[in-house]
Amino acid sequence: MRIEIWSDVVCPWCYVGKRRLEKALAGFEHRDAVEVVYRSFELDPSAPQHGHESTLSQLAKKYGQSEEQMRAGMQSLIETAAGEGLEMRLFDNVHTNTVDAHRLLHLALEAGGPALQRELKEQLLAAYFLRAEDVGDHDVLRAAARTAGVVDAVGQERVDAVLADGEYADAVAADVAQARAYGATGVPFFVVDQRYGVSGAQPTEVFEQVLATAWADANPVLQTVGGDADACGPDGCAI
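- With an unreviewed UniProt entry as reference, the protein is termed DsbA family oxidoreductase, source organism Nocardioides oceani.

**As for the state of the cysteines**
- The final tally for this structure, using the stated rule, is one disulfide.
- What pairs with Cys-11 in a disulfide is Cys-14, and their sulfur atoms sit 2.5 Å apart. Of note, the bridge from Cys-11 to Cys-14 carries an S-S torsion of about 85° and is right-handed in sense.
- Judged by relative accessible area, which is 4%, Cys-11 ranks as buried.
- By relative accessible area, Cys-14 is classed as buried at 5%.

**Thoughts on unusual backbone geometry**
- A cis geometry characterises the amide bond from Val-187 onward to Pro-188, with omega recorded as 10°.
- One can find Pro-188 in the loop between helix H8 (169-182) and strand S3 (189-192).
- The residue Asp-193 is not glycine, and still its phi comes out positive at about 50°.
- What makes Asp-193 partly exposed here is its relative accessible area of 28%.
- If you check the backbone angles, Gln-194 has positive phi at about 55° while not being a glycine.
- By secondary structure assignment, the location of Gln-194 is in the loop between S3 and strand S4 (196-199).
- Of the residues examined, Gln-194 reaches a relative accessible area of 60% and is grouped as exposed.

**Digging into the pairing of strand S1 (residues 2-7)**
- Within S1, five of the six residues are buried, which leaves it mostly tucked inside the rest of the structure.
- Two elements, S1 and strand S2 (residues 35-40), share six bridges in a ladder whose sense is parallel. Bridge pairing in S2 links Ser-7 to Ser-40.
- For the handedness criterion, the β-α-β arrangement of S1, helix H1 (residues 12-26) and S2 is classed as right-handed.
- Sheet topology places S1 next to S3; four bridges connect them, and they run antiparallel. Within S3, the residue paired with Trp-6 across the bridge is Phe-189.

**As for the nonpolar core**
- With 40 residues, the main nonpolar core has Leu-120 and Val-150 as its most contacted residues.
- By residue number, the principal contributor to this core is helix H4 (residues 99-130), which donates 13 residues.
- Setting aside chain neighbours within four positions, we find Leu-120 in contact with Leu-104, Leu-105, Ala-108, Ala-144, Ala-145, Ala-148 and Val-150.
- If you look at the next biggest cluster of nonpolar residues, it comprises 17 residues, including Met-1, Val-34, Val-198 and Ala-214.

**With respect to the packing of H1 against H4**
- Contact geometry of H1 with H4 gives a least axis separation of 11 Å together with a crossing angle of 130°. As far as their axial angle goes, H4 and H1 are oblique. Crossing hand, H1 versus H4: left-handed. Residues Pro-12, Tyr-15, Lys-18 and Arg-19 of H1 form the contact with H4, whose participating residues are Lys-121, Glu-122, Leu-125, Ala-126, Phe-129 and Leu-130.
- Residue composition of the contact of H1 with H4, grouped by class: six nonpolar, no polar and four charged.

Here is what the cut-offs are and how they apply
- Residues numbered from 1 in each chain as written.
- Predicted model: local features only at pLDDT ≥ 70, side-chain atom pairs only at ≥ 80, totals over all residues.
- Heavy atoms only, no water.
- Disulfide = S-S within 2.5 Å.
- Buried < 20%, exposed > 50% of the residue type's maximum accessible area, 1.4 Å probe, protein only.
- Helix = DSSP H or I, 4+ residues; strand = E, 2+ residues; numbered from the N terminus.
- Pairing = 2+ DSSP bridges.
- Right-handed = clockwise from strand over helix to strand, strands pointing away.
- Core = buried A, V, L, I, M, F, W, Y, C linked by side-chain atoms within 4.5 Å.
- Contact = heavy atoms within 4.5 Å.
- Axes fitted to C-alpha atoms, helices over the stretch in contact; angles between N-to-C directions.
- Parallel < 35°, antiparallel > 145°, perpendicular 65-115°, else oblique.
- Left-handed = near helix turned anticlockwise from the far one by under 90°.
- Nonpolar A, V, L, I, M, F, W, Y, C, P; charged D, E, K, R; others polar.

Laid out in structure tokens, this is it:
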């Protein structure tokens, strides 16, 4: 079974949704047969690479709210995230560009498969939300790549080269285009075996349900109808 997750590394609900899916997978009997791959989605491609404006201020302007109103909404999200074991520092986040983070995620996927990519994804989310670091800053991205094991897999020079030359930008754009083709207008967006879509950070129970349904569809159990009847076997035929 393959789960593809469209998300952004500055999306708080993506982090919450990640934790809820992980809880569902932890209790899933066939979890070792599930592959999780992250796909790119940029919430704001126009954001500056080195952000200085707080996300609080930027979102308040975007949605026509006061900073006090936005702070109240963020506080509610902080409390929800805490329920998933995440101590988010939303008030300290900066509005920043994420395309380079997504390009590194594609490097990790190519170099070490979904497992290495997941490690990098976790490091990037933790850097932004738990430590309030700027994930548009290449120094922050290099540190995440080292901690996740990407540098061990490909070398520091390879990581630096990807950050410098725009490699994997086409893969990022392709992910975004596929999300639109699926009809996704926001993230997180989960696609299971290219058959089932789950939009948003749904409760763990929803993920448990879709995992069970997708597995049953991919591994059907033969249903016998009609009960027993006369038949022939290894010892001959009953007359």
